[in-house]
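Coordinates in review
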Amino acid sequence: MTSLLEYYRRIPASWRGLLILALVLLVVFPLLMGSFRLNLVGKYLCFAYVALGLVLAWGYGGILSLGQGVFFGLGGYCMAMYLKLEASDPVSTAIQSTPGIPDFMDWNQLTELPWFWEPFHNLPFTLLAILVLPTLFAYVLSLAMFRRRVGGVYFAIITQAVALILSTLIIGQQGYTGGVNGITDLKTLEGWDIRTDAAKTVLYFVCCGLLIVCIVASQFILKSKLGLLLVAMRDKEERVRFSGYSVADLKVFVFCVAALFSAIGGALFTLQVGFMSPSFVGIVPSVEMVIFAAVGGRLSLVGAIYGCLMVNFGKTYFSEAFPELWLFLMGGLFIGIVMFFPNGMAGLFQSGGRESLKQLWRGLIHMRHHDRPSPRVDEASLDSSLEPRS
Amino acid sequence: MSKKNFLLAVEGLTVSFDGFKAVDDVSLYVDPGEVRVIIGPNGAGKTTLLDLISGKTRASSGTIDFKGIELTHLKEHQIVREGLARKFQTPSIYEDLTVYQNLEVSFPRGRGVFGSLFFRRTPDVEAAVQAVAEEIQLTDALSMQAGLLSHGQKQWLEIGMLLMQQAELLMLDEPVAGMSVKERQQTAELLKRISRNRSVIVIEHDMEFVRAIAHKVTVLHQGKVLVEGSMDKVQSDPRVIEAYLGH
């Protein structure tokens, strides 16, 4: 035991959090939980990818996106299209008027596979599409905005609008997308049945493994000079620009990384849950994803993962116990966290709770005097990005 | 007169905001190694002139020639990469980073996205940070969070960040504003030292400070150059006394 502690001390402080998380996910959960619960955790961890991306983009980059569901959805739909095509072979769809196409297309009187579905017969293409398509979309979207110095609340509103547009589009184009039901009845991946308990356990470990890879990548980014620049930009964007950096390019990069993580999460969600639907693309899920990051701590990579797990467990429990109250609880939680614990649970943990309680007390005093609580880092960066360019 | 002899040649520079000409047909030539001070009453267009040269504001007409490169169409970060650095009126440093990190981030290497991702703290970076820290008297504060520095130290840190950029032309907007008398003297000494191998343009109101550092003074008034010349010539000019120094 003492030698174990000795080893632990030798690990650099910044890696300890990751080590503990890895132990919890890879050892503790599989030992304590049955297949059903483990699959549930796996499902929650898919959202943790999004939360991780938000720590980079929002926590460090100061870019609040209320449309991460878009990238989660794009990744998830790419995966779902491949799985659906595999499930729609001519033999098992023989009773359809056009065998060999997905069932929902047949119900919508489509008689052949749309051209953009064709490449998704191919697994390597699908995997590449999961990584590239959402990232490319994020690149075009954010480049257009950041080059024009659109930021802060305007950026948040536009991303929210994109989430609404995409979910409406998916629902509206029922014949091509499966509409409001989404793409369901996914069965096998290259002949491997993903619905069995054994497959789900394997997918859980794949999900954890990739998540840890993403955390390590994030850690690398934050420790690099680019990480320093993100913090610098949040504080004095103009100074960074006048030190010879293209602020727009740096923001585009971190936003694309966040989109990439979300897309990976979306694809793994489809694999583990067995369907994808527009209810994971729109505004509500996108805002929920921001709440996961806020609760866990938007400046803590591992904190966001714990936040994501906690809120989701809470959601599952409370939505069963108090179905009507759940959404109010969720909203209250978000407001409370942002007002009193701006650094989330990770902040609470790091300061031993004392600082946060002080802040809570100060906040309450301020509220009594009908005043605003003390300003935070974010407001400064929001204000500066509101100024029009002369 | 050939532009080749000047480090910076501004000619016929004009910017108009809804018809109001904040800078009106200004021409300005800065030699290598020169310390130029721009003075003038509030609203004369001093800061706007710096905004135009550094690309923060786009000129309506005119040219800005820096080492033979036309700057009017370049973006801010591209202008900086050509060797031109600017300090803002209020100290503009990264409060959440340490003094060391503030300086390191200003080092002119790895300025692209992937360049900054794979940037390594090599011995030359280390040496540059140490040298600049000594120059701005912040060697003991390197590991301190920059937000905790005094006002004067913040001003120096920002000047230090410009020095890290290894720029050939520094533009300083009111560098001694809010400083004590002693700090002003130290800043004047600092500017004299750093102008040995680069040019400096300074906007300043403090006449004692201007006298201490200026090689040449340009007086701006209502967006135009009123007088240009040595400090003595400018101070005795009746038009300058009328427009600026008189009150």
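Every chain is numbered independently, its residues counted from 1 as its sequence is written. Lettering for chains starts from A, numbering for ligands starts from 1, and both go in the order in which the items are written. Since the coordinates come from a predicted model, pLDDT governs what is reported: local features require at least 70, and pairs of side-chain atoms require 80 or more to be given and counted, while whole-chain, interface and lining totals use all residues.

Remarks on the overall build of chain B
Secondary structure summary: chain B contains 10 helices and 10 strands in total. The globule rule used here is 2.2 Å times the number of residues to the 0.38 power, and the radius of gyration it is set against is calculated over C-alpha atoms. In summary, chain B has a C-alpha radius of gyration of 18 Å against a globular reference of 18 Å for 247 residues, a match within 12%. The C-alpha extent of chain B, read off along each of the three principal axes, is 55 × 40 × 35 Å. In this description, any two residues whose backbone-derived C-beta atoms lie within 7 Å of each other are considered to be in contact. Sequence separation of 24 or more characterises 66% of the internal contacts of chain B that already satisfy a separation of 6 or more. Helix and strand definitions follow DSSP, with helices as H or I runs of at least four residues and strands as E runs of at least two, each counted in order from the N terminus.

Some points on the environment of T126 of chain A
Residue and element names in this part refer to chain A. With respect to the helices and strands, the residue T126 is situated in helix α6 (residues 123–147). Counting along the chain gives 14 residues from T126 to V140, while the straight-line C-alpha distance between them is 21 Å. Apart from residues no more than four positions distant in its own chain, T126 is found in contact with C78, M79, Y82 and F120.

Things to note about helix α9 (residues 197–223) of chain A
Residues and elements named next belong to chain A. In this analysis, the expected span of each helix is defined as 1.5 Å times one less than the number of residues it contains. If you check α9, its first and last C-alpha atoms are 39 Å apart, about what 27 residues at 1.5 Å a residue would give, namely 39 Å. Put simply, a residue is buried when 20 or more other C-beta atoms lie within 10 Å of its own C-beta and exposed when 12 or fewer do; between those, it is partly exposed, and each C-beta is set from the backbone. Among the residues of α9, those classed as buried are K200, Y204, C207, C208, L211, C214, I215 and S218. In the core, the buried residues of α9 are packed alongside α2 (13–32), α3 (35–60), α12 (247–273) and α14 (301–321).

Some thoughts on the packing of α9 of chain A against α12 of chain A
All names here are of chain A. Axes here mean lines fitted to C-alpha atoms, for a helix over just the part in contact, with angles spanning 0 to 180 degrees between N-to-C directions. Direction vectors running N to C along α9 and α12 enclose 175 degrees, while the axes themselves pass 10 Å from each other. When the axes of α9 and α12 are compared, the pair comes out roughly antiparallel. Between α9, through K200, L203, C207, L210, C214 and I221, and α12, the contact on the second element is made entirely by V257, F261, I264, L268, L271 and Q272. Under this grouping Gly is polar, as are all residues other than the nonpolar Ala, Val, Leu, Ile, Met, Phe, Trp, Tyr, Cys and Pro and the charged Asp, Glu, Lys and Arg. Each residue belonging to the contact of α9 with α12 can be placed in one class, and the counts come to 10 nonpolar, one polar and one charged. If an angle is under 35 degrees, it is roughly parallel; if it is over 145, roughly antiparallel; if it lies from 65 to 115, roughly perpendicular; otherwise it is oblique.

Notes on the interface of chain A and chain B
At the junction of the two partners, chain A supplies 22 residues and chain B supplies 24 residues. If you list the elements that add at least two residues to the side of chain A that touches chain B, you get α10 (225–235), α11 (237–241) and α12 of chain A. Ranked by residues supplied to the side of chain A that touches chain B, first place goes to α10 of chain A with seven residues. The class makeup of the residues in the side of chain A that touches chain B is 10 nonpolar, five polar and seven charged.

Describing the sheet that holds strand β8 (residues 199–203) of chain B
Residues and elements named next belong to chain B. Pairing between strands requires that DSSP locate at least two bridges from one strand to the other. Here six strands make up an open sheet; going across it, the order is β6-β7-β8-β3-β9-β10 and the pairing mixed. Across the chains shown, the open sheet's two edge strands, defined by having one partner strand only, are β6 (84–87) and β10 (224–229). Taken pair by pair, the neighbouring strands of this sheet meet at an average axis angle of 15 degrees, ignoring direction. Both strand β7 (residues 169–173) and β8 contribute to a ladder of five bridges, which runs parallel. The partner of M171 across the bridge, within β8, is I201.

Quick word on the sheet that holds strand β1 (residues 8–17) of chain B
Residue and element names in this part refer to chain B. Judged by pairing direction, the sheet is antiparallel, and its four strands sit side by side in the order β2-β1-β4-β5 without closing on themselves. The sheet is open, and its two edges are formed by β2 (20–30) and β5 (69–70), each paired on a single side. Pairing analysis gives five bridges linking β1 to strand β4 (residues 61–66), with the strands arranged antiparallel. Within β4, the residue paired with A9 across the bridge is D65. Packing against the sheet, helix α1 (residues 46–53) makes contact with β1, β2 and β4, and its axis sits at approximately 70 degrees to β2.

Digging into the environment of P119 of chain A
Residue and element names in this part refer to chain A. On the secondary structure map, P119 appears in the loop between α5 (103–107) and α6. For P119, a count of 13 C-beta atoms within 10 Å puts it in the partly exposed group. Note: C-alpha distance between P119 and A129 (10 residues apart in sequence) is 9.7 Å.

Examining the environment of A198 of chain A
The topology assignment puts A198 of chain A in helix α9. With 163 residues separating them along the chain, A198 of chain A and S35 of chain A place their C-alpha atoms 8.2 Å apart.

With respect to the confidence of the model for chain A
If pLDDT is low for a region, its predicted coordinates should not be looked at in detail. Averaged over every residue, the pLDDT of chain A is 89; residues scoring 70 or more account for 91%. This stretch, residues 371–390 of chain A, has a pLDDT under 50; its non-local contacts, to residues over four places away or in other chains, come to 19 contacts. As a per-residue quantity, pLDDT reports the predictor's confidence and falls between 0 and 100.

Let's talk about the pairing of β10 of chain B
All names here are of chain B. The sheet contact formed by strand β9 (residues 216–221) and β10 spans five bridges and is antiparallel. Directly across from V217, in β10, lies its bridge partner G229. Here β9 folds back onto β10, and the loop between the two strands holds two residues, one of which, Q222, carries a positive phi near 50 degrees.

Quick look at the nonpolar core
Counting 180 residues, the largest nonpolar core has A48, A51, L52, L54 and A304 of chain A as the members making the most contacts within it. Among all residues touching A51 of chain A, those that are not within four sequence positions of it are M289, F292, A293, G296, A304, I305, G307 and C308 of chain A. In these notes, a nonpolar core means any group of buried Ala, Val, Leu, Ile, Met, Phe, Trp, Tyr and Cys residues linked to one another through C-beta atoms within 7 Å.

As for the packing of helix α5 (residues 123–135) of chain B against helix α6 (residues 151–164) of chain B
All names here are of chain B. Here α5 crosses α6 at 140 degrees, and the two axes come no closer than 9 Å. Here α5 lies oblique to α6, going by the angle between them. Judged by the twist between their axes, the crossing of α5 over α6 is right-handed. On α6, the residues that touch A128, V132, A133 and E135 of α5 are G160, L163 and M164. Residues of the contact of α5 with α6, tallied by class, amount to five nonpolar, one polar and one charged. Left-handed is the label given to a crossing in which the near helix is rotated counterclockwise from the far helix by less than a right angle, and right-handed is the label when the rotation is clockwise.

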